[in-house]
Structure formats: C-alpha cells, structure tokens
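Residue strings, one per chain:
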Amino acid sequence: RLMMPTATPPADLPHPTWGEASLRRASILVPAGRAKPREERRVHLPSAAVAVLRSLPGKREGLVVPSPRTGRPVSSSTWGTTWHRACRVADVQRCPPYTARHTWISRALERGWQPHEIAEHVGNTPRVVMDTYAHARASRLRAMAEDVIE
C-alpha cells in the first residue's frame, strides 16, 4: 500500500526507519547512498500513504515496515511475494513490482506534471522520465491535432 502512491519500489526505498519518516511533513527521507540517486532525497507521500503509516500498530521507532516474523528488514523476495499476492487479490495479471512505479510516473506525465518535478520525486533525471515513461496516446494525439489548428 506504499509502493503505488510513492512511485518507489522497495529496492529504491529499502527499509525506511521511523526516524526518516515524517508524518507531519508527509515524507520519508532517503539518506545519501541508500538508493539511487546517491544524493539524499525526500520522497513526498500522498495522504493515502500517510494514512497507511498512521494506521500501523506499535511504537514509532525502528523500521517502518519490519518483518512480522523477525522484526528485521523485509527481504526482497518477501516484498515480491506480497506484491504478487496483492495483484492476485486485485484480479490484476501478474506483473513485476516495478509496474507501480512505471504507472505512477506515466500517469503524472499524462496529468500535466512537469518532467523535472517528477524526476525529483522519483530520483531520476527529466530525460530518463521522458525517454522511459512518456507515451503517446492516440486520443491525446487527436486532441492535440485539433487544439493546435484552432
């Protein structure tokens, strides 16, 4: 419930701690060197993700999402298993967890957000955002053709 609203797959935001999370600022700080890019960056959270964090039981210390069995960081295989289970429950064909990131970035572009804003949020460059996630849609191309003529 955190991957889609943040466009951040577990490999890019591994094992955040409550010390890095700020519910008041609606964000999680990713320390330098933990994920790409190598600089420190802040992942901003929508209200749905903040609500998920607020609903988590227990004290606000240590890992935000520890393994329920061990209390240690959740392994990448467990993240993958959980993602595929969620896809099954949602009746979505099996797709890799990275799909959440791709969908989020593509939708942000379609909704008019600027590539440099999206790039800062997801930890990429504007060029990568445009080259990888911008897709021409037939309906938008027709609308553009009409709009430019008027």
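Residues numbered from 1 in each chain as written. Predicted model: local features only at pLDDT ≥ 70, side-chain atom pairs only at ≥ 80, totals over all residues. Heavy atoms only, no water.

### Here's the deal with helix 2 (residues 47–55)
Reasoning step 1: Residues of helix 2 that are buried include every one of A49, V50, V52 and L53, and no others. Seen end-on, helix 2 carries its buried residues on one side only, within an arc spanning 155 degrees. (Buried < 20%, exposed > 50% of the residue type's maximum accessible area, 1.4 Å probe, protein only. Helix = DSSP H or I, 4+ residues; strand = E, 2+ residues; numbered from the N terminus. Arc of directions from axis to C-beta.)

### Considering a nonpolar patch on the surface
Reasoning step 1: Taken together, the side chains of L141, M144 and V148 present a nonpolar region at the surface, about 300 Å² in accessible area.
Reasoning step 2: Its place among the elements puts V148 in helix 7 (residues 138–149). (Patch = residues over 30% accessible without salt bridge, like charges linked within 9 Å, V, L, I, M, F, W, Y side chains within 5 Å. Areas by Shrake-Rupley, 256 points an atom, 1.4 Å probe, with all protein chains shown as cover. Salt bridge = Lys/Arg side-chain N within 4 Å of Asp/Glu carboxyl O.)

### A few points about the packing of helix 4 (residues 98–110) against helix 6 (residues 126–133)
Reasoning step 1: Running from amino to carboxyl end, helix 4 crosses helix 6 at an angle of 100 degrees, the nearest separation of the two axes being 10 Å. The orientation of helix 4 with respect to helix 6, classified from their angle, is roughly perpendicular. Along its contact with helix 4, which presents Y98, R101, H102, I105, S106 and L109, the element helix 6 presents V129, M130, T132 and Y133.
Reasoning step 2: Considered class by class, the residues forming the contact of helix 4 with helix 6 number six nonpolar, three polar and one charged. (Axes fitted to C-alpha atoms, helices over the stretch in contact; angles between N-to-C directions. Parallel < 35°, antiparallel > 145°, perpendicular 65-115°, else oblique. Contact = heavy atoms within 4.5 Å. Nonpolar A, V, L, I, M, F, W, Y, C, P; charged D, E, K, R; others polar.)

### Quick notes on the sheet that holds strand 2 (residues 27–30)
Reasoning step 1: The antiparallel open sheet is built from three strands, whose spatial order is 1-2-3. The strands lining the two open edges of the sheet, one partner per strand, are strand 1 (21–22) and strand 3 (41–44).
Reasoning step 2: In this structure, strand 1 lies alongside strand 2, joined through two bridges in antiparallel fashion. Bridge assignment links S22 to a residue of strand 2, and that residue is S27. (Pairing = 2+ DSSP bridges.)

### Observations regarding the packing of aromatic side chains
Aromatic ring pairs: the centre-centre distance and the angle between the two ring planes describe each pair.
Reasoning step 1: Summed over all chains, the structure comprises zero aromatic pairs.
Reasoning step 2: Across the ring face of W18, the terminal group of R60 is positioned such that the distance to the ring centre comes to 4.8 Å. (Phe/Tyr/Trp six-rings, centres within 6.5 Å; stacked < 30°, edge-to-face > 60°. Lys NZ or Arg CZ within 6 Å of the ring centre and 35° of its normal.)

### Thoughts on the pairing of strand 3
Reasoning step 1: Here strand 3 shows a buried face lined by R41 and V43 and an unburied face lined by R42 and H44.
Reasoning step 2: Where strand 2 meets strand 3, four bridges bridge the pair, whose relative direction is antiparallel. Considered in strand 3, the bridge of V30 is made with R41.

### A word on the side chain of R41
Reasoning step 1: Of note, R41 is situated in strand 3.
Reasoning step 2: In this structure R41 comes out as buried when scored by relative accessible area, which is 8%.
Reasoning step 3: A polar side-chain atom of R41 sits 2.7 Å from the main-chain carbonyl oxygen of H121. (Polar contact = N/O pair within 3.5 Å; in protein donor to acceptor, adjacent residues only side chain to side chain.)

### Structural notes on helix 4
Reasoning step 1: Spanning 13 residues, helix 4 covers 19 Å between terminal C-alpha atoms, matching the ideal 18 Å at 1.5 Å per step.
Reasoning step 2: The complete set of buried residues in helix 4 reads A100, R101, I105, S106, A108 and L109.
Reasoning step 3: Of the residues one or two after helix 4, G112 is the one with positive phi, at around 95 degrees. (Expected span 1.5 Å × (residues − 1).)

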